[in-house]
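A structural walkthrough
Residue strings, one per chain:
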Amino acid sequence: MIEDRAAVGPDGSAPEPEHKEVQRPPGPARYRWYVLAAVVVALLALPLFRPMISSYNYVLTIGALVLMWVAMSSSWNILGGFAGYISLGHSVFMGVGGYVAGVLLYYHGVSPFLTAPLGGLVAVAIGFLAGFITLRTRGPAFIISTIALLFMFLLMTDNFEYLGGAAGLPLPPLELSQEWLRVPFYYAMLLIAMGAVWTAYRVAHSKFGMGLRAIAEDEVKAEVAGVPTRLYKISAFAMSAFWVGVAGAIYGYSIAFIRPTVFFTIAISAQMVLMAIIGGKGTVAGPVVGAVLIYAINELSLVFFGATEFNIVIQGTMLVAVLLFFPLGVVGTLRKMNRLPAFLNWD
Amino acid sequence: MEVGEILLVLAAVAVGFFAKGVTGLGGPPLAIPVLASFMGVEYAVAVIAIPAALANFWLMIENRSAASDIRWFLVPMMATGVVGTLLGVWLLLNIDDRIMSVLLGVFMLLYIIWYFLNPERKIDNRTARRLAAPAGFGAGVLAGATGISAPVVGTYVHSLRLARSGFVFAVAAPFFFLGLMQIASLAALGGYDQARVTAGIIACIPVVVVTPIAMRVGRRLSVQAFQYAVLVVLGIAAVRLLWSGLA
């Protein structure tokens, strides 16, 4: 990371600007982009290796879910990580995206692959409105207000017949042969994850992102320093809703039904928070690492121990271990120890 | 349950977990008896285990910056805790738990008296390191036999005179771990149905409300006030153990 330090001459005046040749970043920083490009190419190519993968649909389903969590956790991180406002109501935006795309498919036959961005935009609008109201509070009151938002949406969808009420709406499945059915969902989630991480990266490297970090450090000082805190917070809330909404739209289509209890649960929001914290809250790569790690732990635990109660203990043990040995999250702790691999240093 | 009774239970949960948010201790010891008086002990233990896991995890997250300073005793403590839990379950099935309650209550009262006689004295690091594994084992035995481990964990960690965040993380981590073992065991034995899980989730609501406020209060306490607050919770737990053992 290049630090921007104000250099001052010996007499206190600003030094003469030096005309130096612009240098390329040193080796490891360049490797970072090669490694990332290789990862993206590998992810893009994965569905092409059908003959080599025995449980093809299973692998693609897991891949799509991991990418969905990457997208949602990265988006949550814009508000919760950069600005330091912990929202436990972000699953609302997943539900909004799911319902917008689901309703358009159910009543008008429009594919969610086309309407998912619209779902994201509606989520942004609701995020803006919700942020306008809830971000008058901070700390515990903000957490509670986001939970209230979640319950409000749960109650609304539960009692709204047009949306199918508590039973939800069944969605027509994608008309593809069983063997290729998961491929479109996988690619859609890959696009969404890349978009979400790219958004987080752009925010982290912008004046807006710097303002959000200042708010997380000390909101009053940030305000005094000229950061339009209220506008930034509301914008962060709205922005963090977009990719969650888009992911919700595709997820609803992939499971072929939308139902309040699928989306509007605190467990989904808590999972986003958990992934960001375990990976490294407030870093760009943290939520990605956290999502992959937690999903891998859950999945490996299921594979080795089956769907038994023992899984709870295994997952809990892993969480305690991560918190014990990586208290700032995996990325945050490795950075503090100067051991963060260059390809994960995106801040 | 009537509405008034539900409110009483939620209030007990709120008070118990407020104490937990401040000191890292409390929560189930205060909430379980109130809920048990309406719904029975087994129901209360199963339901309160859910918000307890949430509160412990939350406290761990909030105080995780202290984790690297205390893992030297926490890792052996939690490892032996697993073995202790197995023995505890065997004891639960084979001896009268009232004997354990009385022994433990007396031990805790002796510790509190010892603290007031030597308030500045703390266990040196070498002794603390040696005691970590036995303390974890003892906590496990107690958790397996009685469902609570706070008396051993809280007493051992308090004797180290850690700063607040270190103390809270040090008690929340084993509670979380042992709590998950308890939830898993109960689930395996059919201790959870949809109604109990729902009740557990509802019990999380007061926890979500009071925990952040309690953590804020805890951060503002002086070291001395924090130590006394912990001793008050330990004292209440000791009296409760003696009461249940001798009654």
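As the structure is a prediction and not an experimental result, all values here were calculated from the model.

A short note on the overall build of chain A
- Scanning chain A from N- to C-terminus turns up 14 helices and two strands.
- Each principal axis of the C-alpha atoms in chain A carries an extent, and together these give about 75 × 50 × 40 Å.
- When burial is assessed residue by residue, chain A has 46% of its 347 residues classed as buried.
- Of the contacts made within chain A by residues no fewer than 6 positions apart, 76% connect residues no fewer than 24 positions apart.

Remarks on the overall build of chain B
- When helices and strands are tallied, chain B shows 10 helices and zero strands.
- Order of helices (α) and strands (β) in chain B, N terminus to C terminus: α-α-α-α-α-α-α-α-α-α.
- In terms of principal-axis extent, the alpha carbons of chain B reach across some 50 × 45 × 35 Å.
- Within chain B, the fraction of its 247 residues that count as buried is 50%.
- Taking contacts inside chain B between residues at least 6 apart in sequence as the whole, the part at least 24 apart equals 83%.

Details of the interface of chain A and chain B
- The interface is formed by 16 residues belonging to chain A together with 21 residues belonging to chain B.
- Contributions of two or more residues to the side of chain A that touches chain B are made by helix H5 (140-158) and helix H13 (310-325) of chain A.
- Residue contributions to the side of chain A that touches chain B peak at eight residues, all from H13 of chain A.
- For the side of chain A that touches chain B, the class distribution of residues is 12 nonpolar, three polar and one charged.

Some words on the nonpolar core
- Counting residues in each nonpolar core, the largest one holds 187 residues, and the members touching the most others are Ala71, Met189, Ile192, Ala247 and Ile250 of chain A together with Ala173 and Phe176 of chain B.
- In contact with Ala173 of chain B, other than residues within four places in its own chain, are Val320 of chain A together with Met60, Leu74 and Met78 of chain B.

As for the environment of Thr23 of chain B
- Inspection of the secondary structure assignment puts Thr23 of chain B in helix H1 (residues 3-23).
- With 87 residues separating them in the primary sequence, Thr23 of chain B and Leu110 of chain B have C-alpha atoms 20 Å apart.

Some details on the packing of helix H3 (residues 41-62) of chain B against helix H8 (residues 164-188) of chain B
All names here are of chain B.
- Two elements in contact, H3 and H8, have axes whose closest approach is 8 Å; the angle formed by their N-to-C orientations is 145 degrees. Where H3 crosses over H8, the two elements pack in a sense that is left-handed. When H3 is examined against H8, the residues Ala46, Ala49, Ala52, Ala53, Asn56, Phe57, Leu59 and Met60 are found in contact with a partner set consisting of Val168, Phe169, Ala172, Ala173, Phe175, Phe176, Gly179, Leu180, Gln182, Ile183 and Leu186.
- When the residues that make up the contact of H3 with H8 are grouped by side-chain class, the tally is 16 nonpolar, three polar and no charged.

Observations regarding unusual backbone geometry
- Residues other than glycine seldom take positive phi values, yet Ala256 of chain A does so here, at roughly 65 degrees.
- Assignment of secondary structure puts Ala256 of chain A in the loop between helix H9 (229-255) and strand S2 (257-258).
- Assessed through the 12 C-beta atoms surrounding it within 10 Å, Ala256 of chain A is described here as exposed.
- We note that Arg161 of chain B has phi near 55 degrees; this positive angle belongs to a residue other than glycine.
- Mapped onto the elements of the fold, Arg161 of chain B is located in the loop between helix H7 (150-159) and H8.
- Given 16 C-beta atoms within 10 Å, Arg161 of chain B falls into the partly exposed group.

As for the environment of Leu79 of chain A
Residue and element names in this part refer to chain A.
- Mapped onto the elements of the fold, Leu79 is located in helix H2 (residues 56-82).
- Here the alpha-carbon distance between Leu79 and Leu149, two residues 70 residues apart in the chain, equals 16 Å.
- Those residues within four positions of Leu79 in sequence are excluded, and the remaining contacts are Tyr85, Ser87, Ala236, Phe237 and Ser240.

Describing helix H7 (residues 207-217) of chain A
- The complete set of buried residues in H7 of chain A reads Phe208, Gly209, Gly211, Leu212, Ala214 and Ile215 of chain A.
- Its buried side turned inward, H7 of chain A meets H2, helix H6 (182-204), helix H8 (219-224) and H9 of chain A.

As for helix H14 (residues 329-336) of chain A
Residue and element names in this part refer to chain A.
- Where burial is concerned, most of H14 is hidden: six out of the eight residues are buried.
- Those residues of H14 that sit buried are Gly329, Val330, Val331, Gly332, Leu334 and Arg335.
- As for H14, its buried residues are in contact with helix H11 (266-279), helix H12 (285-305) and H13.

A word on the packing of H1 of chain B against helix H10 (residues 223-246) of chain B
Residues and elements named next belong to chain B.
- Where H1 meets H10, the axes come as close as 10 Å, and the angle between the chain directions of the two elements is 140 degrees. The angle between the axes of H1 and H10 places the two elements in the oblique class. Once H1 is placed against H10, the crossing between them reads as left-handed. Judged by residue contacts, Ala19, Val22 and Thr23 of H1 engage Ala229, Val230 and Val233 from H10.
- Each residue belonging to the contact of H1 with H10 can be placed in one class, and the counts come to five nonpolar, one polar and no charged.

Some thoughts on the confidence of the model for chain A
- Averaged over chain A, the pLDDT score is 87; the fraction of residues at 70 or greater is 91%.
- Across residues 1-20 of chain A the pLDDT falls below 50, and counting only partners more than four positions away or on other chains, this stretch makes five contacts in the model.

What about the environment of Val183 of chain A?
- Along the polypeptide, Val183 of chain A turns up in helix H6.
- Those residues within four positions of Val183 of chain A in sequence are excluded, and the remaining contacts are Pro47 and Leu60 of chain A.

Looking at the confidence of the model for chain B
- Taken residue by residue, chain B gives an average pLDDT of 81. The fraction at 70 or more is 96%.
- Scoring of the predicted complex yields 0.79 for pTM and 0.76 for ipTM.

Conventions we followed
- Residues numbered from 1 in each chain as written.
- Chains lettered and ligands numbered in written order.
- Predicted model: local features only at pLDDT ≥ 70, side-chain atom pairs only at ≥ 80, totals over all residues.
- Helix = DSSP H or I, 4+ residues; strand = E, 2+ residues; numbered from the N terminus.
- Buried ≥ 20, exposed ≤ 12 C-beta atoms within 10 Å, placed from the backbone.
- Contact = placed C-beta atoms within 7 Å.
- Nonpolar A, V, L, I, M, F, W, Y, C, P; charged D, E, K, R; others polar.
- Core = buried A, V, L, I, M, F, W, Y, C linked by C-beta atoms within 7 Å.
- Axes fitted to C-alpha atoms, helices over the stretch in contact; angles between N-to-C directions.
- Left-handed = near helix turned anticlockwise from the far one by under 90°.
- Parallel < 35°, antiparallel > 145°, perpendicular 65-115°, else oblique.
- pLDDT = per-residue confidence, 0-100.

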